[in-house]
Amino acid sequence: MNALLQGATWDDFTSWLPDLWSGFVLSIEVTIASLAVGLPLGLALALGVQTKAMLLRGICLAVVEIGRGAPALVLLQFIYFGLPSAGLPLTSFVSATIALGWSTGAYTSEIIRAGLDSVPGGHKEAVSALGLSRMDGLRYVILPQGLRVAVPALLGFSILVFQASSLCFTIALPELISRAYEIGTNTFFYFPALATAGLFYVAICMPASFLVSYVEHRAGAYAVR
Amino acid sequence: MPQQLRVVGQHVGKEAPLALTNKPYVKLEQITKSYGAHTVLRDVNLSVHSGGVLAIIGPSGSGKSTLLRCINYIEPPNKGIVTVGDVTIEGETPVSRRDLRALRSKLGMVFQSFNLFPHLTVLRNITLAQERVLGRTSAEAELIAMQLLTRVGLADKAAQYPSRCSGGQQQRIAIARALALDPKVMLFDEPTSALDPELGLEVLSVMRELATSGMTMIVVTHEMSFAENVSDHVAIMADGCILEYGPSREVIRNPQSARARQFLRAVNER
Ligand SMILES: Nc1ncnc2c1ncn2[C@@H]1O[C@H](COP(=O)(O)OP(=O)(O)OP(=O)(O)O)[C@@H](O)[C@H]1O
Ligand SMILES: [Mg+2]
């Protein structure tokens, strides 16, 4: 244990906390921003890949395929380092939001599409037979049922996005991992600082996982009902 | 085929005078439908007068459901003309959204599997389309929904979710949902097939009451007593064609073709 702590004292730990805390807050912020971009994008893409308009559908398919095919790290690098050379400089926070939002949109579009597909075909027929417009059918009948099915998987994916926010360390966003690494550089307590950062991740991810299984359970009960 | 005129109980709404002419309210001409190379309906012709009740019977896979779904264009036919009241849609030309709306506004549909929306209360199931399609206020829609629920004997279920209702209750709610939009014609696709016999009876009695009140109905069914006693005309389908058509008793008691006789014998032995 002492070997792992590398001789770091309690006072050392407490002195890191303000920095780690501000990194943690930034990690949460970039996660929320990415989800705020990515989840609506996922919904739009889920609907877009099913539309009959060929051009729109092609664009949506491309966005999904690139978002799923390219590792989040590559998207991040491409947008932060690549776009400025194309004359579009972005802050690291905005780059991170776009990259993680894109990735989130691509993956969650599949989750949402599966949710929408789980709505029985008969309900779509009932929507048509009642004369409801396509928009109303989506809004009042298909989405409320389909999204409910997708919620557990979406929550699960949100946890992954929070973890993936640590990749922003590579584009100089001072989030949790960057802060821990910085402390390591200054004090040479690399391992203790990173381990403390790890505890912050655990503190969010463990309760969130419990929440997901609870919601999954509830959703299962709903399906049976 | 000569149409029999029923004189009693067919003065429905403002379009009632139609029944007194020889012009049918619903007319299907040369309806053809294929799925890929598989032709499901071949040149089907049928008509129903205002206030008339037509039962469609026939073996499984003969195209009964498909025919019904072609009438309200849930399944657009490949060819043929569908006329309902003053709306005429031809199968080969693209359908305008306006025509589709006009067609569907005249047709209510009830499915074998009810298709109530499980995330909405019974009341909301019935008010949703009234508000969104007909533009009624929620107060108006609720009033009408409650009247209809009372009519089908389920006023006490208004606040429940459909899953808390028996199959027979769900189907009666589905009927109320369709009626709430003031359809001129009700289409039923085997409304009792998913139900135990007793639960089927409560649905059939609602349908019988509806027929007596003068509603124009097209009913795909395996219930021979309904076909014989409630409907005024029967069509027997096989392999995508109308095998026989005529006044109920005549068709059921005295079928002309060997294929129809075989089918009716099989039904009676069940
Ligand atoms: N969406 C579809 N795609 C391909 N084939 C279909 C489709 N819908 C129906 N069919 C085929 O069309 C034929 C007629 O089906 P339909 O459901 O109209 O028969 P039905 O008379 O209603 O039978 P049942 O009494 O079993 O309900 C069947 O052979 C069926 O397999
Ligand atoms: Mg059928």
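Treat the numbers as computed from the prediction; the structure is a model and nothing was measured.

## Describing the UniProt feature "transmembrane region" (unreviewed entry) in chain A
Within this numbering scheme, the UniProt entry marks residues 20-47, 59-80, 86-107, 149-173 and 193-215 of chain A as carrying the feature "transmembrane region" (unreviewed entry). The span residues 20-47 of chain A is 100% helical and 0% strand by assignment, and the distance between its end C-alpha atoms comes to 40 Å.

## So, the sheet that holds strand 5 (residues 87-90) of chain B
All names here are of chain B. The sheet built from 4 strands is open, its strands ordered 2-1-4-5 with antiparallel pairing. Each having just a single partner strand, strand 2 (38-48) and strand 5 make up the two edges of the open sheet. The mean inter-strand angle of the sheet, taken between neighbouring strand axes irrespective of direction, is 15°. Most of the contacts of helix 2 (residues 64-71) go to strand 1 (residues 26-35), to which it runs at about 120°, and overall it touches strand 1, strand 2 and strand 4 (79-84).

## Quick look at the pairing of strand 7 (residues 185-189) of chain B
Side chains on a regular strand alternate between the two faces of the sheet. Residues and elements named next belong to chain B. The buried fraction of strand 7 is high, at 5 of 5 residues. Residues of strand 7 alternate between two faces, with Val185, Leu187 and Asp189 on one and Met186 and Phe188 on the opposite face, all of them buried. For strand 6 (residues 107-110) and strand 7, the ladder comprises 4 bridges, and the chain directions are parallel. Residue pairing across strands places Leu107 opposite Val185, the latter belonging to strand 7. Between the parallel elements strand 7 and strand 8 (residues 216-220), the chain passes through helix 7 (residues 197-212) in a crossover that is right-handed.

## So, the site of ligand 1
Residues and elements named next belong to chain B. In the vicinity of ligand 1, the contacting residues are Tyr35, His38, Val40, Pro59, Ser60, Gly61, Ser62, Gly63, Lys64, Ser65, Thr66 and Glu190. Contacts to ligand 1 include Ser60, whose side-chain N or O atom sits 2.5 Å from an oxygen atom. Within the side chain of Thr66, an N or O atom sits 2.5 Å from an oxygen atom of ligand 1. Protein burial of ligand 1: of its 630 Å² of free accessible surface, 60% is covered by the chains. Those elements that place two or more of their residues in the shell around ligand 1 are strand 2 and helix 2.

## Re the sheet that holds strand 10 (residues 241-247) of chain B
Two orientations exist for strands paired in a sheet by backbone hydrogen bonds: parallel and antiparallel. Residue and element names in this part refer to chain B. Across the sheet, 6 strands lie side by side as 6-7-8-3-9-10; this open sheet has mixed pairing. Where the open sheet ends on each side, the last strands, each with one partner, are strand 6 and strand 10. Taking the axes of each pair of neighbouring strands and ignoring which way they run, one obtains an average angle of 15° across the sheet. Here strand 3 (residues 53-57) runs beside strand 9 (residues 233-238); their pairing, made up of 4 bridges, is parallel. Considered in strand 9, the bridge of Ile57 is made with Ile236. Docked against the sheet, helix 2 engages strand 3, strand 6, strand 7, strand 8 and strand 9, running at close to 150° with respect to strand 7.

## Regarding the pattern of salt bridges
All names here are of chain A. Per the stated rule, a full pass over the model turns up 15 salt bridges over all chains. Taking the shortest distance from any N to any O, the salt bridge between Arg113 and Glu110 comes out at 3.5 Å. Placement of both Arg113 and Glu110 in helix 5 (residues 92-117) is noted, with a separation of 3 residues, approximately one turn of the helix. Exposure remark for Glu110: the relative accessible area of 28% places this residue in the partly exposed category.

## Looking at empty space enclosed by the protein
Applying the stated criterion across every chain yields a total of 2 cavities of 30 Å³ or more. When its volume is computed, the largest cavity comes out at roughly 160 Å³. Forming the walls of the largest cavity are 18 residues, and the residues nearest its centre are Ala129(A), Leu130(A), Gly131(A), Leu107(B) and Leu181(B). At the level of secondary structure, the elements contributing two or more residues to the lining of the largest cavity comprise helix 6 (121-129) of chain A together with helix 3 (97-105), strand 6, helix 4 (122-134) and helix 6 (167-179) of chain B.

## Some words on the layout of surface pockets
Roughly 1,500 Å³ of volume is contained in the largest pocket. Lining the largest pocket are 32 residues, and of these Lys52(A), Ser128(A), Ser133(A), Arg134(A) and Met135(A) lie nearest its centre. Listing elements by their share of the lining of the largest pocket, those giving two or more residues are helix 2 (10-48), helix 5, helix 6 and helix 7 (134-164) of chain A together with helix 3 and helix 4 of chain B. Among the elements that make up the lining of the largest pocket, the one with the highest residue count is helix 7 of chain A (6 residues). Here the lining of the largest pocket is composed, by residue class, of 14 nonpolar, 8 polar and 10 charged.

## Describing the interface of chain A and chain B
Across the boundary between the two partners, chain A contributes 19 residues, which contact 22 residues of chain B. Remark: the boundary between chain A and chain B carries 2 salt bridges. For the salt bridge of Asp136(A) with Arg132(B), the shortest nitrogen-to-oxygen distance reads 3.0 Å. Across the chain A-chain B interface, the total number found is 6 residue pairs in polar contact (both at pLDDT 80 or more). Contributions of two or more residues to the side of chain A that touches chain B are made by helix 6 and helix 7 of chain A.

Conventions adopted
- Residues numbered from 1 in each chain as written.
- Chains lettered and ligands numbered in written order.
- Predicted model: local features only at pLDDT ≥ 70, side-chain atom pairs only at ≥ 80, totals over all residues.
- Heavy atoms only, no water.
- UniProt positions renumbered as here; feature names shortened; annotations may be inferred.
- Helix = DSSP H or I, 4+ residues; strand = E, 2+ residues; numbered from the N terminus.
- Pairing = 2+ DSSP bridges.
- Axes fitted to C-alpha atoms, helices over the stretch in contact; angles between N-to-C directions.
- Contact = heavy atoms within 4.5 Å.
- Buried < 20%, exposed > 50% of the residue type's maximum accessible area, 1.4 Å probe, protein only.
- Right-handed = clockwise from strand over helix to strand, strands pointing away.
- Near = heavy atom within 4 Å.
- Polar contact = N/O pair within 3.5 Å; in protein donor to acceptor, adjacent residues only side chain to side chain.
- Areas by Shrake-Rupley, 256 points an atom, 1.4 Å probe, with all protein chains shown as cover.
- Salt bridge = Lys/Arg side-chain N within 4 Å of Asp/Glu carboxyl O.
- 1 Å grid on protein atoms, 1.4 Å probe; cavity = no way out; pocket = protein on both sides within 12 Å on 5 of 7 lines; lining within 4 Å.
- Points joined across faces, edges and corners; volume = space filled by probe spheres on them.
- Nonpolar A, V, L, I, M, F, W, Y, C, P; charged D, E, K, R; others polar.

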